[in-house]
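Summary of the model geometry
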Amino acid sequence: MLEIKGLAASIAGKPILRGIDLVVPSGEVHAIMGPNGSGKSTLSYVLAGREDYEVTAGTATFEGADLLAMAPEERAAAGVFLAFQAPIELPGVGNANFLRTALNAVRRARGESELDAVQFLKLARAEAKRLAMPEDMLKRNVNVGFSGGEKKRNEVLQMALLRPRLAILDETDSGLDIDALKIVADGVNALRRPEFSALVITHHQRLLDHLVPDRVHVLAGGRIVCSGGPELAHELEARGYAAITAEAA
Amino acid sequence: MAAVTETLETVQGLAQSGYKFGFETAIEMDLAPKGLNEDTIRLISARKGEPEWLLDWRLAAFAAWRKMEEPHWARVWHAPIDYQDIHYYAAPKAKPGPKSLDEVDPELLAMYEKLGIPLKERAILAGVEGGASNVAVDAVFDSVSVATTFRATLAKAGVIFCPISEAVREHPDLVRKYLGTVVPVADNFFAALNSAVFTDGSFVYIPPGVRCPMELSTYFRINARNTGQFERTLIIADAGSHVSYLEGCTAPQRDENQLHAAVVELVAFDDAQIKYSTVQNWYPGDANGRGGIYNFVTKRGACRGARSKISWTQVETGSAITWKYPSCVLEGDESVGEFYSVAVTNNRQQADTGTKMIHLGRNTRSTIVSKGISAGRSDNTYRGLVRIGSRAAGARNHTQCDSLLIGEHCGAHTVPYIESRNPHAKVEHEATTSKIAEDQLFYCRSRGLTEEDAVGLIVNGFCKDVLKELPMEFAVEAQKLLAVSLEGSVG
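Throughout this description, residue numbers start from 1 for each chain and increase along the sequence as written. Chain letters start at A and ligand numbers start at 1, both assigned in the order the entries are written. In keeping with the model being predicted, local features are shown solely for residues with a pLDDT of at least 70 and side-chain atom pairs are shown and tallied solely at 80 or more, while totals for entire chains, interfaces and linings include all residues. As a convention, hydrogens and water are excluded, and side-chain values are obtained from all of the structure's heavy atoms.

1. Focus: the overall build of chain B
Helix and strand content of chain B: 13 helices and 23 strands. Each residue is placed in one exposure class: buried if its accessible area under a 1.4 Å probe, protein chains only, is under 20% of its type's maximum, exposed if it is over 50%, and partly exposed if it falls in between. A total of 491 residues make up chain B; the buried ones form 63% of that total. The criterion used for residue contact is that any of the two residues' heavy atoms lie within 4.5 Å. Nonlocal contacts in chain B, meaning residues at least 24 apart in sequence, comprise 85% of its contacts between residues at least 6 apart. Taken as a whole, chain B presents about 17,800 Å² of accessible surface, with 50% of it coming from carbon and sulfur. Each helix is a run of H or I in the DSSP string that is no shorter than four residues. Each strand is a run of E no shorter than two, and both are numbered from the N terminus. For accessible areas, the Shrake-Rupley method is used with a probe of radius 1.4 Å. Any residue's cover is judged against the shown protein chains and nothing else.

Dropping the structure here:
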């Protein structure tokens, strides 16, 4: 599914990623943990195609295709989805209109028929309900005036509608209370199937209680310093990053 | 069916009897010699069979114009205009309509495609019969109103909707009573020029208590090479009446600058309401600013009666230069003026547009919502005047003026003038300037939208407060037009 080799990237000339090697096979959920500033968000942005990051070395292939050569919208059409750590506000743009425009753009690119307003609303309402989102969130402007938790749930709603093959969740759990955390985890779990993979970036073990990863990787200083099974997350929680990364070094 | 479609259909119907779409070269024109003098004006007046009083009125305007100077206070720049190098009269000769889409200007078809007009409806351009319509169109083509339709339905309601030259003949008392009473002949340089040489335009009269049974629209085309366009529109809403008027424009691409100096006058009596909506999409010139229309327009409405209301809504995306200030003179007590505007400039376009709200009556209210969008190397200026007269106790104005910048090389300017002579009036002005942020674009693109779709979405969101004021059919076209106008403005 996703294969990253020797990936290095910098922003404004400052190196952030210093050689990432990572393989996420189909059907697996991998967690990425690591201290602040280790490059977790940069990795997610580079994979989604944010242009202010410069890839200085390495490759990333997604289902055999050169991911780094694709425009962000092509990556979305191919099935890559990034749930933003800080979702962006779009004043004046209705959430339902945004979601439908995005969904139809992706469906068009995938050769699927576009949904009309009625079909879309039915689908969106059902998904919103599953995520325990008040229906008026579809009517409000994209992320404008949303609480932190509402923004994160709105990301998961988009993910549920766009049905990606690779979901990258950048600290989607931060700022969520325990109930919301469970809803978000359930939203991802609902997508789990053999042809779906997820890269879950988090600081906290508690999300991984609900969203059990196949592998856990620790990112420090722009490199993956150690990897393991779900138990690694517990160890990190108990002993802290410093001890684990020191051991790995 | 969208108003624009019906408009096209109707114009096409007319085309079969007189007007051929497309290339200017395909149309034979009856041209007056270039240049402006009393003889030109006498010729125009004679060709149109006008009464003596109107000729005198034109000559008075011309005398005033000769003493005036072209205004240069607006934040626009253009090479000097040679007013003697313009044909002031052009009438198309009768010709059969196009036989197939092949005969229609491909640029025009490309634009229709971008605006999302379906194939079937584009074929209507080529002469396919259309269905029923509830939009009345007075087609103004190169200064001569070729025909007017839907007269019967309107006549039944007592509504008069016809070319102004016809109104001069059929309803001389009405025209004479109101023409030039809102925009006097010597109001400004371009209005004086228009008064001297206007060739046609629309006339509307809504009798007391009548709600006009359909949206009225005018479909402008500018097509004759080097022919200045001087349209004159006069709309009178008698006591208790309602009318909604749509004005939409497309122009074929061309290489030479075209001067357009229209005058629109609106009069609303007690409890009457006039809604005047414009979607302006004239050729803006190429990416380097070559060619394109100069749009120097005077639009003004007089709320003469108590509780009357005049509402201007405009979406301005075209023209090389826009110089336009649709205004309201709020004479009647408790009368209401509104101005909702979206002005988009891209490449080298220049727009200096805004409004004047003149509060004379008590408890008069006005609302101004202006959304300026600048891209490329364009300049976009909002210029607005709110004046509260000494008698206008309780007057209120709220102005919201927002600018959106796309890219690094464009300019947005806000020039509000506020004058209050009454201590019991309330005037508010809010202004914001923002940029489309990289992270907004990336967010949209990461969801599958192309960069241009993302800009369209964000821009339409920015303009929502104005677009919702447009009649629905127009709003759909306007949204697409905004996206088309900003193509290539990012990246």
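2. A word on the pattern of salt bridges
Residue and element names in this part refer to chain B. Between Lys or Arg on one side and Asp or Glu on the other, a salt bridge is scored when a side-chain nitrogen of the former is within 4 Å of a carboxyl oxygen of the latter. All chains considered together, the criterion is met by 35 salt bridges over all chains. A salt bridge links K309 to E338, with the shortest nitrogen-to-oxygen separation between them at 3.6 Å. Note that K309 is positioned in strand β14 (residues 309-316) and E338 in strand β17 (residues 336-345), a separation of 29 residues in sequence. Here K309 falls in the partly exposed class, since its relative accessible area comes to 25%. Linking K324 and E316 is a salt bridge whose minimum nitrogen-to-oxygen distance equals 2.3 Å. There is no split in this pair, since K324 and E316 are both buried.

3. Digging into the interface of chain B and chain A
How big an interface is tends to be expressed through the accessible area that disappears when the partners come together. Facing 18 residues of chain B, the contacting portion of chain A comprises 34 residues. Joining two parts hides part of their accessible area as seen by a 1.4 Å probe, and the buried area is that hidden amount summed over both. Both sides together, the interface formed by chain B and chain A hides about 2,000 Å², and carbon and sulfur atoms give 63% of it. The three residues of chain B that bury the most area against chain A are B:F442, B:Y443 and B:R447, which together make up 39% of that side's buried surface. Taken together, the connections running from chain B to chain A amount to three salt bridges. Of all elements in the fold, only α10 (438-445) and α11 (451-462) of chain B reach the threshold of two or more residues within the side of chain B that touches chain A. Amino acids are sorted into nonpolar (Ala, Val, Leu, Ile, Met, Phe, Trp, Tyr, Cys and Pro), charged (Asp, Glu, Lys and Arg) and polar (every other residue, Gly among them). Class assignment for the residues of the side of chain B that touches chain A results in seven nonpolar, five polar and six charged.

4. Here we look at the sheet that holds strand β12 (residues 223-228) of chain A
Residue and element names in this part refer to chain A. In this description, strands pair whenever DSSP reports at least two bridges between them. Strand order in this open sheet of six strands is β6-β9-β10-β3-β11-β12, and the pairing throughout is mixed. Because the sheet does not close on itself, it has two edges, and the strands there are β6 (80-83) and β12. Averaged over all pairs of adjacent strands, the angle between their axes in this sheet comes to 20°, without regard to strand direction. Note that β6 and strand β9 (residues 166-170) share four bridges and pair parallel. Among the inter-strand pairings, F81 is bridged to a residue of β9, identified as A167. Comment: axis = line fitted to C-alpha atoms, over the contacting stretch for helices; angle = value between 0 and 180 degrees taken between N-to-C directions.

5. Here we look at helix α1 (residues 40-48) of chain A
All names here are of chain A. Counting buried positions along α1 yields eight of nine residues, so the element is predominantly enclosed. Within α1 the residues assigned to the buried category are K40, T42, L43, S44, Y45, V46, L47 and A48. Two residues or fewer past α1, G49 is found with a positive phi of approximately 100°.

6. A word on the pairing of β17(B)
Residue and element names in this part refer to chain B. Across the ten residues of β17, ten count as buried, placing the element largely inside the fold. Every second residue of β17 is oriented toward a common face, with V336, E338, Y340, V342 and V344 on one face and G337, F339, S341, A343 and T345 on the other, all of them buried. Bridge count for β14 against β17 is eight bridges, and the pairing is parallel. Across the sheet, K309 pairs through a bridge with V336, a residue of β17. As paired elements, β17 and strand β19 (residues 365-374) share ten bridges and run parallel to each other. Bridging from a neighbouring strand, V342 pairs with K371 of β19.

7. Concerning the packing of helix α4 (residues 117-130) of chain A against helix α6 (residues 148-162) of chain A
Residues and elements named next belong to chain A. Taken N-terminus to C-terminus, the directions of α4 and α6 make an angle of 130°; their axes are 10 Å apart at the nearest point. Here α4 is positioned oblique relative to α6, judged by the angle of their axes. At the point where α4 passes α6, the crossing takes the right-handed sense. Contacts between α4 and α6 involve F120, L123, A124, E127 and A128 from the former and L157, A160 and L161 from the latter. Residues belonging to the contact of α4 with α6 are distributed by class as follows: seven nonpolar, no polar and one charged. Every angle not falling under 35 degrees, over 145, or within 65 to 115 is termed oblique; those three ranges are roughly parallel, roughly antiparallel and roughly perpendicular. Crossing handedness is read from the near helix: turned anticlockwise from the far helix by less than a right angle, it gives a left-handed crossing, and turned clockwise, a right-handed one.

8. Overview of the side chain of A:K152
Residues and elements named next belong to chain A. One can find K152 in helix α6. Buried and without a salt bridge, K152 has D173 as its closest oppositely charged side chain, separated by 6.3 Å. We call two N or O atoms a polar contact when they sit within 3.5 Å, provided that within protein one can donate a hydrogen and the other can accept it, with sequence-adjacent residues counted only if both atoms are side-chain atoms. Within the structure, K152 has its side chain in polar contact with the backbone oxygen of E171 (distance 3.0 Å). A polar contact is formed between the side chain of K152 and the side chain of S174, at a distance of 3.0 Å. The positive count covers Lys and Arg only, the negative count covers Asp and Glu only, and His and the chain ends enter neither.

9. What about unusual backbone geometry?
Keep in mind that most residues, glycine aside, have a negative phi and that most peptide bonds are trans. A positive phi angle, close to 50°, is found at A:E63, a residue other than glycine. With respect to the secondary-structure elements, A:E63 resides in the loop between β4 (53-62) and β5 (65-66).

10. Focus: the environment of B:A239
Residues and elements named next belong to chain B. Among the secondary structure elements, A239 is positioned in the loop between β8 (232-237) and β9 (242-249). Among the residues examined, A239 registers a relative accessible area of 31% and is labelled partly exposed. With 194 residues separating them along the chain, A239 and S45 place their C-alpha atoms 32 Å apart. Dropping the residues within four chain positions of it, A239 is found in contact with P208, G209, F269 and D270.

11. Some points on the nonpolar core
Within soluble globular proteins, side chains that are nonpolar generally end up buried alongside one another. Core analysis: the biggest nonpolar cluster contains 103 residues, and A:L2, A:I4, A:L47, B:I373 and B:V459 have the highest contact counts within it. Discounting residues that sit within four places of it in the chain, B:I373 has contacts with B:V342, B:A343, B:V344, B:T345, B:N380, B:L404, B:I406, B:V459, B:F462, B:C463 and B:L486. Within the second largest apolar cluster, 51 residues are counted, among which are B:I44, B:L54, B:I160 and B:A261. Note on terminology: a nonpolar core comprises buried Ala, Val, Leu, Ile, Met, Phe, Trp, Tyr and Cys residues joined through side-chain atoms within 4.5 Å.

12. Thoughts on the state of the cysteines
The disulfide criterion used throughout: a pair of cysteine sulfur atoms within 2.5 Å. Tallying each qualifying case throughout the model produces zero disulfides over all chains. Here B:C444 stays unpaired: no disulfide links it, and the sulfur of B:C463, its closest cysteine neighbor, is 15 Å away.

13. A look at the sheet that holds strand β1 (residues 2-11) of chain A
All names here are of chain A. Spatial strand order, β2-β1-β4-β5: four strands in an open sheet with antiparallel pairing. Two strands in the sheet have a free side with no partner beyond their single neighbour: β2 (14-24) and β5. As paired elements, β1 and β2 share eight bridges and run antiparallel to each other. Across the sheet, residue S10 finds its bridge partner in β2, namely P15. The strands touched by α1 are β1, β2 and β4; relative to β1, the strand with the most contacts, the crossing angle is about 110°.

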